[in-house]
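Given next are the chains, with one letter for each unit.
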Amino acid sequence: MSDGVRIVEVGPRDGLQNERIAIPLEAKLRFIQSLRDAGCDDIEATSFVSPKWVPQLADAASLWPLLPAGPDYSVLVPNLKGLERAIELGVKRIAVFTAASESFTLKNINMTLEQSLEAIRNVIEEYRSTTPDGWIRGYVSTAFECPFEGSIAPERTIEVTRKLFDLGVDEVSVGDTVGAAVPVEVKSLTKMLEDSVPMEQIAYHFHDTRGTAIANVSTALELGIRIFDSSAAGLGGCPYAPGAGGNLATEDLVYFLHRSGVPTRIDPDRLAQASREVLALLGRPASAKAQQAQLSASGTSPR
Ligand code: HMG
Ligand code: MG
């Protein structure tokens, strides 16, 4: 394996949206700065969602103009109101989101699946007409498992993924929202996706609730997937998905990739520093396995 992969760092968005406390703007900026210094060049910075639904990211519009130069940044946009906020700030990369499961879509964005696809159609049309150089990612959450409906048949995930491409997204990130998937499921979904969508535009977004994320990445990588989402320190989860654990930790992903001969631009030591800072702020111990190993090798307790 020598082809590089693209890592989308989602800690500032997926990570911080799920924290009980909203961390101050200056601390978010420091976290993002440290991620940039560690070599993260593709960062999902925040969300233009309703501040009533996700108060942790209510400062999105203040954060955006202050982001340190260098990385490509993107933001989550759920509807035309969110898009209006993004356009006003000149955002060039947005992410729209829906799910393979009807129940999760209702809980997460108060829309049926069909309504969410209609909302996405409107967002894409408006964004393309106002921002011709804009780039759009689409998310399909609950791609394997829904916290309300249980197992999701791959056909359902594929159908929503196809619809997003038909609506004009540039990339789809397939999300294991509650971190339930295992490699055999990833293999079968990936093989089925191959027949209907452009695979070089597929990313995987694994949460690591049950410790299966790296095994899933390994399987996807062998099948040619080259875009993976992860979160520094393994922060993350969705406030509207009960049982969702943190994202795959970027430390664990980078360790796995480098040791497998797959280069990235991320410096593990500087990444560990970024994670330590944000964990100290949140008052939490290291949860990334790679970071725990580093701490115990240096004689420092991870707890
Ligand atoms: P709603 O309550 O049905 O919407 O929420 P509404 O249109 O009735 O609006 C309610 C209030 O919010 C109104 O304010 C609106 O103006 C305001 P009021 O009149 O009461 O003062 N509002 C907004 N304000 C700012 N920005 C906006 C916006 N929209 C409405 N964009 C809505 C519908 C979609 C807005 C809401 O459900 C929402 O924001 N949901 C987002 C939930 C969320 O962020 N979830 C986590 C992200 S998804 C995820 O984590 C999964 C992922 O990681 C992949 C994976 O793991 O699978 C991506
Ligand atoms: Mg997520």
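Please refer to the structure higher up on the page.
Given the structure is predicted, the values throughout are model-derived calculations rather than measurements. (Residues numbered from 1 in each chain as written. Chains lettered and ligands numbered in written order. Predicted model: local features only at pLDDT ≥ 70, side-chain atom pairs only at ≥ 80, totals over all residues. Heavy atoms only, no water.)

**Some thoughts on the packing of aromatic side chains**
Defined as follows: In this analysis, rings of Phe, Tyr and Trp, with Trp reduced to its six-membered ring, are considered paired at centre separations within 6.5 Å, and the interplanar angle assigns stacked below 30 degrees, edge-to-face beyond 60, and tilted for intermediate values. Only Lys NZ and Arg CZ are tested; either one counts as a charge over a ring when it is within 6 Å of the ring centre and within 35 degrees of the ring normal.
For the structure on display, the rule yields 4 aromatic pairs. Here a set of aromatic residues connected by ring pairs shows up, and it is made of F144, Y204 and F206. Over the aromatic face of W135 sits the side chain of R93, whose NZ or CZ is 4.5 Å from the ring centroid. Sitting over the face of the ring of F148, K107 holds its NZ or CZ atom 5.3 Å from the ring centroid.

**Section: the site of ligand 1**
The following threshold applies: Throughout this document, a residue counts as near a molecule or strand when at least one of its heavy atoms sits within 4 Å of that molecule or strand. Whenever a nitrogen or oxygen atom comes within 3.5 Å of another N or O atom, the pair is scored as a polar contact, on the condition that within protein one atom can donate a hydrogen and the other can accept it, and that pairs from neighbouring residues in sequence are kept only if both atoms are in side chains. All accessible areas in this document rest on Shrake-Rupley with a 1.4 Å probe, and a residue is counted as covered only by the protein chains that are shown.
Close contacts around ligand 1 come from 27 residues, with Q17, K52, N110, S141 and T177 the closest. The contact in question runs from a nitrogen atom of ligand 1 to an N or O atom on the backbone of F48, over 2.9 Å. At 3.2 Å, a backbone N or O of G82 approaches a nitrogen atom of ligand 1. When isolated, ligand 1 has an accessible area of 1,100 Å², and the protein chains bury 76% of it.

**Focus on the pairing of strand β5 (residues 135-141)**
For clarity, the threshold we go by: Burial classes: relative accessible area under 20% of the type maximum marks a residue as buried, over 50% as exposed, and values in between as partly exposed (1.4 Å probe, protein chains only). A run of DSSP states H or I qualifies as a helix once it reaches four residues; a run of E qualifies as a strand once it reaches two. Both are numbered from the N-terminal end. Strands are labelled as partners when DSSP assigns at least two bridges between them.
With respect to burial, β5 is a largely interior element, 6 of its 7 residues being buried. Sheet topology places strand β4 (residues 93-99) next to β5; 7 bridges connect them, and they run parallel. Looking at β5, one finds that F97 is bridged to Y139. Inspection of the sheet shows β5 paired to strand β8 (residues 171-176) by 4 bridges, in the parallel sense. Counterpart to V140 in the pairing with β8 is V174.

**Points about helix α10 (residues 250-259)**
Counted only if it meets this: Only heavy atoms enter the contact rule, under which two residues are in contact if any of them lie within 4.5 Å.
Across the 10 residues of α10, 7 count as buried, placing the element largely inside the fold. Those residues of α10 that fall on the buried side of the exposure criterion are T250, E251, D252, L253, V254, F256 and L257. On its buried face, α10 sits against β1 (6-9), α9 (213-222), β10 (227-230), α11 (268-282) and α12 (289-297). Following α10 by one or two positions, G261 adopts a phi angle in the positive range, close to 85 degrees.

**A look at the coordination of the magnesium ion (ligand 2)**
Spelled out, the test is: A donor here means any N, O or S atom no more than 2.8 Å from the metal (3.2 Å for Na, K and Ca); water is not included, so a site may seem to lack partners.
In this structure, D14 (OD), H205 (NE2) and H207 (NE2) serve as the protein donors to the magnesium ion (ligand 2), at separations of 2.0 to 2.3 Å. Here the donor residues for the magnesium ion (ligand 2) map to a single chain with the spacing D-x190-H-x1-H. One end of the pair, D14, is in helix α1 (residues 11-15); the other, H207, is in the loop between β9 (202-206) and α9, with 193 residues separating them in the sequence. Here the two residues D14 and H207 agree in accessibility, since each one is buried.

**Here we look at the side chain of T190**
Secondary-structure assignment places T190 in helix α8 (residues 183-194). The class for T190 is buried, based on a relative accessible area of 0%. Contacts of T190, omitting those with residues within four sequence positions, involve M199, Y204, L223 and I225.

**Some words on the packing of α10 against α12**
Test applied: Here the axes come from fitting lines to C-alpha atoms, over the contacting stretch only for helices, and the angles between their N-to-C directions go from 0 to 180 degrees. Convention used here: angles under 35 degrees read as roughly parallel, angles over 145 as roughly antiparallel, angles from 65 to 115 as roughly perpendicular, and any remaining angle as oblique. When residues are sorted by character, Ala, Val, Leu, Ile, Met, Phe, Trp, Tyr, Cys and Pro go into the nonpolar class, Asp, Glu, Lys and Arg into the charged class, and all the rest, Gly among them, into the polar class.
Following both chains from N to C, one finds α10 and α12 inclined at 85 degrees, their axes separated by 6 Å at the closest point. One finds that α10 runs roughly perpendicular with respect to α12. Taking contact as the criterion, the partners of E251, D252 and Y255 in α10 are, on α12, K289, A290 and Q291. Here the residues of the contact of α10 with α12 sort into 2 nonpolar, 1 polar and 3 charged.

**Topic: the pattern of salt bridges**
Selection criterion: What makes a salt bridge here is a side-chain nitrogen of Lys or Arg within 4 Å of a carboxyl oxygen of Asp or Glu, nothing more.
The full count for this structure, using the stated rule, is 15 salt bridges. For D14, the salt bridge goes to R13, with nearest N and O atoms at 3.5 Å. According to the relative accessible area criterion, R13 is buried, its value standing at 5%. Here the salt bridges do not stand alone but share partners, grouping R6, D42, R93, R137, E171 and D229 into one network.

**Digging into the environment of Q294**
With respect to the helices and strands, Q294 occurs in helix α12. Q294 sits in the partly exposed class, given a relative accessible area of 36%. As for Q294 and A272, which are separated by 22 residues in sequence, their C-alpha atoms are 9.2 Å apart. Beyond its immediate chain neighbours, meaning those up to four positions away, Q294 contacts D269, A272 and R276.

**Focus on the side chain of S231**
Residue position: S231 is located in the loop between β10 and α10. Residue classification places S231 among the buried positions, given a relative accessible area of 0%. When neighbours within four sequence positions are excluded, S231 is seen to be in contact with E9, V10, G11, G15, N247, L248, A249, T250 and E251.

**Notes on the nonpolar core**
We apply this condition: Side-chain atoms within 4.5 Å link the members of a nonpolar core, which is a set of buried Ala, Val, Leu, Ile, Met, Phe, Trp, Tyr and Cys residues.
Core analysis: the biggest nonpolar cluster contains 101 residues, and I94, Y204 and F228 have the highest contact counts within it. When near neighbours in sequence (up to four residues on either side) are disregarded, F228 contacts V5, R6, I7, V8, Y204, V217, A220, L221 and L253.

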